[in-house]
Amino acid sequence: MHLKEVAIIGAGPGGIAAAIQLKRYGMEPLLLEKSHIGGLLVNANLVENYPGFPGGIPGADLVKLFESHLGEIGMPVHFEEVVRLDWQESFIIETRDTKFHSRIAVVASGTKPRRFTDIEIPPEATERVFYEVYPIAGVADKRIAIVGAGDAAFDYALNLARRNEVTILNRGQKKRCLPLLWERAERSPRISYREDTSIAAIKGSRDGLVLDIKSPAGKWELSADYVIFAIGRVRQLDYFSERLTKMASELEERGLLYFVGDVRNDIYRQSSIAVGDGVHVAMKIYRRSQCKF
Ligand SMILES: Cc1cc2nc3c(=O)[nH]c(=O)nc-3n(C[C@H](O)[C@H](O)[C@H](O)COP(=O)(O)OP(=O)(O)OC[C@H]3O[C@@H](n4cnc5c(N)ncnc54)[C@H](O)[C@@H]3O)c2cc1C
């Protein structure tokens, strides 16, 4: 059995920062990623609060810089999904094809979308239904419905409205986003906003979707090519074994298990925080390895 010193699960901003800092110490962490480098950040329309980018930078461009940084320092990313993480004197990291072992695990797997369960989405509609913007980031001249009223919903709308017609559907009456996102959406001629709306049915065909909408004013239909649900996210720890879930606090105390970024930060989910967490955890790991605390 080949035992790695550190395995990092997730190559979003948090996992990447941890990997870069560990590499600086001469450590060679195993960085596992199930999908793409950059995690959730790839969806961000314009990142305006990450120091060093006056005027902001699109999330996808910042991710490209992260990717170059990893390349430059020779930090490989293993594109494999961790399907089970267990602990038995060391961590056992199972992907579909491989079993890895590590002494320390850094969990940087972020969040997963809260699924829309109000109604059943028929199979013929599912390939037009999304929970993030990046799968359709390149589309043009489409009609897109976005369900939600938080930062993500408005950020997705601003992103897609560069080339498409967007309708934001808010089931309540309150917008829960940064005022500046709302102001920008209001100024966009390609974004309409409807509140007090709920989806009663979704019908799919080869040509698109029809959403049956209920509102106090009555029922109406909205035709769309795509719908994106931006109705919240929850931490992504599906792959934890039962034993690990029970032992997590003890392993954290022993300095063997660390949580980084959105997976631990409740509502305080920002790239800069995830990056700070990643560097912080890497420093702790190194310090412990030197001082044997
Ligand atoms: C629309 C939008 C706009 C945003 N705008 C900003 C902004 O302007 N400024 C800002 O600072 N932040 C912004 N954010 C938030 C920012 O994207 C997140 O805070 C940040 O990406 C969190 O980083 P993370 O590494 O903790 O998690 P994530 O970015 O979620 O990365 C987690 C990674 O883990 C991987 N993973 C999950 N499970 C597994 C598994 N089992 N095996 C292997 N890999 C796995 C995922 O594929 C993912 O790549 C925005 C987010 C959204 C959605």
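Located above this text is the structure these notes cover.
Residues numbered from 1 in each chain as written. Predicted model: local features only at pLDDT ≥ 70, side-chain atom pairs only at ≥ 80, totals over all residues. Heavy atoms only, no water.

## As for the pattern of salt bridges
Piece 1. In this structure the tally under the stated criterion is 18 salt bridges.
Piece 2. Here E94 ties to R84 by a salt bridge, and the two come within 3.8 Å at their closest N and O atoms. One end of the pair, E94, is in strand β4 (residues 91-94); the other, R84, is in strand β3 (residues 84-87), and 10 residues separate them in sequence.
Piece 3. Taking the relative accessible area as the measure of exposure, E94 reaches 22% and is therefore partly exposed.
Piece 4. Using a relative accessible area of 34% as the deciding quantity, one classes R84 as partly exposed.
Piece 5. Residue E165 is joined to R190 by a salt bridge in which the shortest nitrogen-to-oxygen separation is 3.8 Å. Placement of the pair is E165 in strand β9 (residues 165-169) and R190 in the loop between α4 (179-187) and β10 (191-194), with a sequence separation of 25 residues. (Salt bridge = Lys/Arg side-chain N within 4 Å of Asp/Glu carboxyl O. Helix = DSSP H or I, 4+ residues; strand = E, 2+ residues; numbered from the N terminus. Buried < 20%, exposed > 50% of the residue type's maximum accessible area, 1.4 Å probe, protein only.)

## Notes on the sheet that holds strand β14 (residues 226-229)
Piece 1. Pairing is parallel in the open sheet, where five strands are placed in the order β7-β14-β8-β9-β10. The open sheet has two free edges, formed respectively by β7 (129-130) and β10, since each of these has just one partner strand.
Piece 2. Bridge analysis of strand β8 (residues 143-147) against β14 gives four bridges, and the strand direction is parallel. Within β14, the residue paired with V147 across the bridge is F229.
Piece 3. Sitting on the sheet, helix α3 (residues 151-160) is in contact with β8, β9, β10 and β14, with an inclination near 170° to β8. (Pairing = 2+ DSSP bridges. Contact = heavy atoms within 4.5 Å. Axes fitted to C-alpha atoms, helices over the stretch in contact; angles between N-to-C directions.)

## Quick notes on α3
Piece 1. Of all 10 residues in α3, eight are buried; the element is thus mostly enclosed.
Piece 2. Here α3 has its buried residues at A153, F154, D155, Y156, A157, L158, N159 and L160.
Piece 3. Against the buried residues of α3 lie β8, β9, α4, β10 and β14.

## Some words on unusual backbone geometry
Piece 1. With a phi close to 70°, E89 is a non-glycine residue in the positive phi region.
Piece 2. Following the sequence through the fold, E89 ends up in the loop between β3 and β4.
Piece 3. Residue class for E89 comes out exposed when judged on its relative accessible area of 69%.
Piece 4. The backbone of D196 shows a phi angle near 60°, a positive value even though the residue is not glycine.
Piece 5. Looking at the element boundaries, D196 is found in the loop between β10 and β11 (198-205).
Piece 6. Classification of D196 as partly exposed rests on a relative accessible area of 24%.

## A closer look at the sheet that holds β11
Piece 1. Spatial strand order, β11-β12-β13: three strands in an open sheet with antiparallel pairing. Each having just a single partner strand, β11 and β13 (218-224) make up the two edges of the open sheet. When strand polarity is set aside, the average angle formed by the axes of neighbouring strands in this sheet is 20°.
Piece 2. For strand β12 (residues 208-215) and β13, the ladder comprises seven bridges, and the chain directions are antiparallel. Across the sheet, residue L211 finds its bridge partner in β13, namely L222.

## What about helix α5 (residues 242-253)?
Piece 1. Among the residues making up α5, those that are buried are L244, M247, A248 and L251. Down the axis of α5, the buried set is contained in an arc of 165°. They therefore lie on one face. Facing away from the buried side of α5 by over 90 degrees, the exposed positions are E242, K246 and E253.
Piece 2. Buried residues along α5 sit in contact with β3, β4 and β16 (257-259).
Piece 3. Of the residues trailing α5, G255 is marked for its positive phi of about 75°. (Arc of directions from axis to C-beta.)

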